[in-house]
Amino acid sequence: MENKSKLYEGKNNIFDYIIIGNSAAGLSAASSIRTIDKNGSIVVLTNENYLNYSKPLITYYLAGRIKLKDIYFKNEDFYKENNILLKKDTNILKIDYANKQVITDKNTGFAYRKLLLANGGIPIIPKIRVSESSDSPSINSERFKEHAENNADVNKNKSIPGSLDNSNFKNFTGIFTFTCLKDAEKVKDYITKNNITEAAVLGGGLIGLKSAEALLELGIKVKIIELSDRILSASFDKQASSIIENELENKGNRIYTQNTINQIFVKNGSLESFQLKSGEIIKSRLLIVAVGVIPDLSIAENSNNNIKKNEPGYLKLNRGILVDEHMQTSIKDVFAAGDVAESFNFVTGDKSNIAIWPLAVRQGDIAGANMAGGNKIYDGGYFMNSVEILNIPTISIGITNAPDDMEGNIEIMKDYKPEKRYYRKIVIHNNKIIGIILVENIDRAGIYNGLIRNKIDISNIKDNLVKEDFGIIQLPSDYKKHLVVGDGIEV
Ligand SMILES: Cc1cc2nc3c(=O)[nH]c(=O)nc-3n(C[C@H](O)[C@H](O)[C@H](O)COP(=O)(O)OP(=O)(O)OC[C@H]3O[C@@H](n4cnc5c(N)ncnc54)[C@H](O)[C@@H]3O)c2cc1C
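Because the structure is predicted, anything quoted here is derived from the model rather than measured.

A.B. asks: If you had to explain the overall build of the protein to someone new, which residues and values would you point to?
C.D. replies: What the protein contains, in helices and strands, is 12 helices and 28 strands. Split into buried and exposed, the 491 residues of the protein put 51% on the buried side. Sequence separation of 24 or more characterises 62% of the internal contacts of the protein that already satisfy a separation of 6 or more. By element, 47% of the accessible surface of the protein is carried by carbon and sulfur atoms, the whole surface being about 22,700 Å².

A.B. asks: Describe in detail a nonpolar patch on the surface, supporting the description with residues and values.
C.D. replies: On the surface, a nonpolar cluster with roughly 250 Å² of combined accessible area is contributed by Ile122, Ile124, Val291 and Ile294. Of note, isoleucine 294 is situated in strand β19 (residues 293–295). Owing to a relative accessible area of 31%, isoleucine 294 belongs among the partly exposed residues under this scheme.

A.B. asks: Please provide a residue-by-residue account of the layout of surface pockets, values included.
C.D. replies: In this structure, the second largest pocket spans a volume of roughly 180 Å³. For the second largest pocket, the full set of lining residues is Phe346, Val347, Thr348, Met406, His429, Lys432, Ile433, Ile434, Ile452 and Lys455. It is strand β28 (residues 432–439) that provides the largest number of residues to the lining of the second largest pocket, a total of three residues. Three or more residues apiece are contributed to the lining of the second largest pocket by two domains, here domain 1 (6–54 + 70–121 + 294–371) and domain 3 (391–483).

A.B. asks: Go over the sheet that holds strand β14 (residues 254–256) with me, naming the residues and quoting the values.
C.D. replies: Strand order in the open sheet formed by five strands is β11-β18-β12-β13-β14, and the pairing between neighbours is parallel. Sheet topology places β11 (175–176) and β14 at the edges, where each strand pairs with a single neighbour. Summarising the sheet, β11 and strand β18 (residues 287–289) pair through two bridges and their orientation is parallel. Bridging from a neighbouring strand, isoleucine 175 pairs with leucine 287 of β18.

A.B. asks: How would you explain empty space enclosed by the protein if you had to name every residue and give the values?
C.D. replies: Following the criterion strictly, the structure yields two cavities of 30 Å³ or more and no others. What the largest cavity holds in volume is close to 50 Å³. Along the walls of the largest cavity sit Pro123, Thr177, Phe178, Thr179, Ile207, Val289, Ala290, Val291, Gly292 and Val293, which together make up its complete lining. Counted by class, the lining of the largest cavity contains seven nonpolar, three polar and no charged residues.

A.B. asks: Give me helix α10 (residues 357–371): which residues, what numbers.
C.D. replies: Along its 15 residues, α10 runs 21 Å from first to last C-alpha, staying within 8% of the 21 Å computed at 1.5 Å per residue. Those residues of α10 lying buried are Leu359, Ala360, Gln363, Gly364, Ile366, Ala367, Gly368, Ala369, Asn370 and Met371. Those residues of α10 hidden inside the fold are in contact with β2 (14–20), α1 (24–36), β7 (108–117), β21 (334–336) and β22 (341–344). Backbone geometry just downstream of α10 places glycine 373 in the positive-phi region, at approximately 95 degrees.

A.B. asks: Before we move on, could you go through the site of the ligand and cite the residues and values that matter?
C.D. replies: The ligand sits among 34 residues. The nearest are Ser23, Asn47, Lys55, Lys210 and Asp339. Contact distances for the ligand include 2.9 Å between an oxygen atom and a side-chain N or O atom of lysine 55. Burial of the ligand by the protein chains amounts to 93% of its free accessible area of 990 Å². With three residues, α10 is the single largest residue contributor to the shell around the ligand. Residue composition of the shell around the ligand, by class: 16 nonpolar, 13 polar and five charged.

A.B. asks: Give a detailed account of the packing of α1 against α10, specifying residues and quantitative values.
C.D. replies: Look at α1 against α10: their axes get within 7 Å of each other, and the N-to-C directions meet at 35 degrees. Note that α1 runs across α10; the crossing there is right-handed. The segment α1 lies against α10, with Ala24, Ala25, Ser28, Ala29, Ser32, Ile33 and Ile36 engaging Trp357, Ala360, Val361, Gly364, Asp365, Gly368, Ala369 and Met371. Among the residues making up the contact of α1 with α10, the classes are represented as 10 nonpolar, four polar and one charged.

A.B. asks: Go over the nonpolar core with me, naming the residues and quoting the values.
C.D. replies: With 53 residues, the main nonpolar core has Ile18, Ile20, Ile95, Val102, Leu116 and Leu117 as its most contacted residues. Looking at which element gives the most residues to this core, the answer is α1, with six residues. Ignoring anything within four residues of it in the chain, the contact list for valine 102 reads Ile18, Ile20, Leu45, Ile92, Lys94, Ile95, Thr108, Gly109, Phe110, Tyr112 and Leu115. In this structure, Leu216, Ala240, Ile244 and Ala290 belong to the second largest nonpolar core, which totals 45 residues.

A.B. asks: Explain the sheet that holds strand β24 (residues 384–389) to me, using residue names and the numbers behind them.
C.D. replies: The strand order β24-β25-β28-β27-β26 describes an open sheet built from five strands, whose pairing is antiparallel. The outermost strands of the open sheet, each flanked by one partner alone, are β24 and β26 (410–417). When the angles between neighbouring strand axes are averaged without regard to direction, this sheet yields 10 degrees. Here strand β25 (residues 392–398) pairs with β28 via five bridges, running antiparallel. Bridge assignment links isoleucine 397 to a residue of β28, and that residue is isoleucine 436. Where helix α11 (residues 445–453) meets the sheet, its contacts fall on β24, β25, β27 (422–429) and β28, and the angle it forms with β28 comes to roughly 160 degrees.

A.B. asks: Now, about the pattern of salt bridges: what can you tell me, with residues and values included?
C.D. replies: Taken as a whole and assessed by the stated rule, the structure comprises 24 salt bridges. Between aspartate 229 and arginine 230 there is a salt bridge whose closest N-O contact spans 3.3 Å. On the basis of relative accessibility, which here comes to 30%, the residue aspartate 229 falls in the partly exposed class. A salt bridge links lysine 417 to aspartate 415; the nearest nitrogen and oxygen atoms lie 2.9 Å apart. Taking relative accessible area as the criterion, aspartate 415 reaches 19% and is therefore assigned buried. When salt bridges that share partners are traced, they join Lys100, Lys114, Lys332 and Asp333 into one network.

A.B. asks: Run through the confidence of the model for the protein, naming residues and quoting values.
C.D. replies: Mean pLDDT for the protein: 88, with 89% of residues reaching 70 or above. Counting interchain partners and residues more than four positions distant, the pLDDT-below-50 stretch residues 135–160 has 38 contacts.

The rules we used
Residues numbered from 1 in each chain as written. Predicted model: local features only at pLDDT ≥ 70, side-chain atom pairs only at ≥ 80, totals over all residues. Heavy atoms only, no water. Helix = DSSP H or I, 4+ residues; strand = E, 2+ residues; numbered from the N terminus. Buried < 20%, exposed > 50% of the residue type's maximum accessible area, 1.4 Å probe, protein only. Contact = heavy atoms within 4.5 Å. Areas by Shrake-Rupley, 256 points an atom, 1.4 Å probe, with all protein chains shown as cover. Patch = residues over 30% accessible without salt bridge, like charges linked within 9 Å, V, L, I, M, F, W, Y side chains within 5 Å. Salt bridge = Lys/Arg side-chain N within 4 Å of Asp/Glu carboxyl O. 1 Å grid on protein atoms, 1.4 Å probe; cavity = no way out; pocket = protein on both sides within 12 Å on 5 of 7 lines; lining within 4 Å. Points joined across faces, edges and corners; volume = space filled by probe spheres on them. Domains from an automatic or database assignment. Pairing = 2+ DSSP bridges. Nonpolar A, V, L, I, M, F, W, Y, C, P; charged D, E, K, R; others polar. Expected span 1.5 Å × (residues − 1). Near = heavy atom within 4 Å. Polar contact = N/O pair within 3.5 Å; in protein donor to acceptor, adjacent residues only side chain to side chain. Axes fitted to C-alpha atoms, helices over the stretch in contact; angles between N-to-C directions. Left-handed = near helix turned anticlockwise from the far one by under 90°. Core = buried A, V, L, I, M, F, W, Y, C linked by side-chain atoms within 4.5 Å. pLDDT = per-residue confidence, 0-100.

And the structure:
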């Protein structure tokens, strides 16, 4: 690749470590590097304008449960004390691996010795037709035309001004994604300025439900539209979902399952209503699109452009950037961690992308250590999440819906008491727990997680597993010894 970009810090100023991404994986890596290399130069590049903050807390911020200042994990002092240069508002376009340079959208470059891609995920924007409301006079407005130009198919039909996609959805007023602090600020501002009392969320997964929860706390009635037959379908089963669904509907909200939005109606570019696949038209001035997040491969793909797949300069990708157990990519001195990476799944044994905060932190830590010359191994992760909806705490871990074609002996233990909003499900594979769902009583989650992580044979305690009082006392004694140690403790 020809090196035309201007070096940011001068040609001879090569950073020992460049990290793209100032979030869970990126900052964990920076901290990890510093524990090993006290002097090497570190620059963290981010296209956001914030210090490191908690993404899981952005819904709490929207709900008003926490203040903006409480969302930050790190303050300016952290960067200063650790001698980490933070470059905000710096959007990276591609990497020139041959010249070891990171290129920004302003065509400036940062040279590196070791590079970490920790640029996370991007929200999926489904292609939905957008039409100007029939009573709108603005059918020929400039904005209207601009939307039309974004979609050739749509241009064929003059009655459709455009369709929602990644490039244009930000132009529509009232339609938002919800994956970063900027999104939360925009939604908050829009709700306040427009006195919103009803809203819709497209997608009943983790981010959709967390957004809905925040809206509910603001006193806004919510309609959730979900393609599958239940909410939280990736991590819950029918019983667990139904507890939350009933609770949401009892509070005046609506859930439309096996449904989606076929068409959106706008007036002067502002959301007015939308039509469901089932035909129903719903008036709404606020729509949060939360149908999922995928690894952001834009930098990786731009950098692979014009390089053949079998050439050494080609970064190997699948759904995410492929990494080995050191979080090293297929390119020398280039590492990847967090939501952008695809790494070993401890429960399934495959490589997969598990987009959760603790794994991004762990992967960043391992990548950072190895970038600084250490030798840390990533032994894999698995899905784990905790959401509290309408004061019902829930936790799901690992494989909670075993696929029909899974080899081996699958056993499911359940305790379902819908009247108490209580549910406990344990998925067992060849006498080892591979997944759990807990609804309402989540006290023992850590114990179950330990059994999964340590692949403990539970054949002798199977009958106790779903009991409400299940605890350390029932664990196999060999394993208990690892948990309960200390003078005078008999295990
Ligand atoms: C609303 C919401 C709620 C969540 N709740 C939970 C939860 O309860 N529990 C849980 O475990 N996980 C939760 N998650 C998921 C969790 O936040 C992510 O798994 C985690 O943030 C991934 O961290 P990361 O560092 O890999 O990437 P990200 O957090 O996505 O950060 C990516 C970083 O890269 C930067 N970047 C991206 N592209 C560029 C570019 N081209 N140039 C420069 N910089 C770039 C971004 O600005 C950002 O700093 C939630 C996510 C969301 C959105």
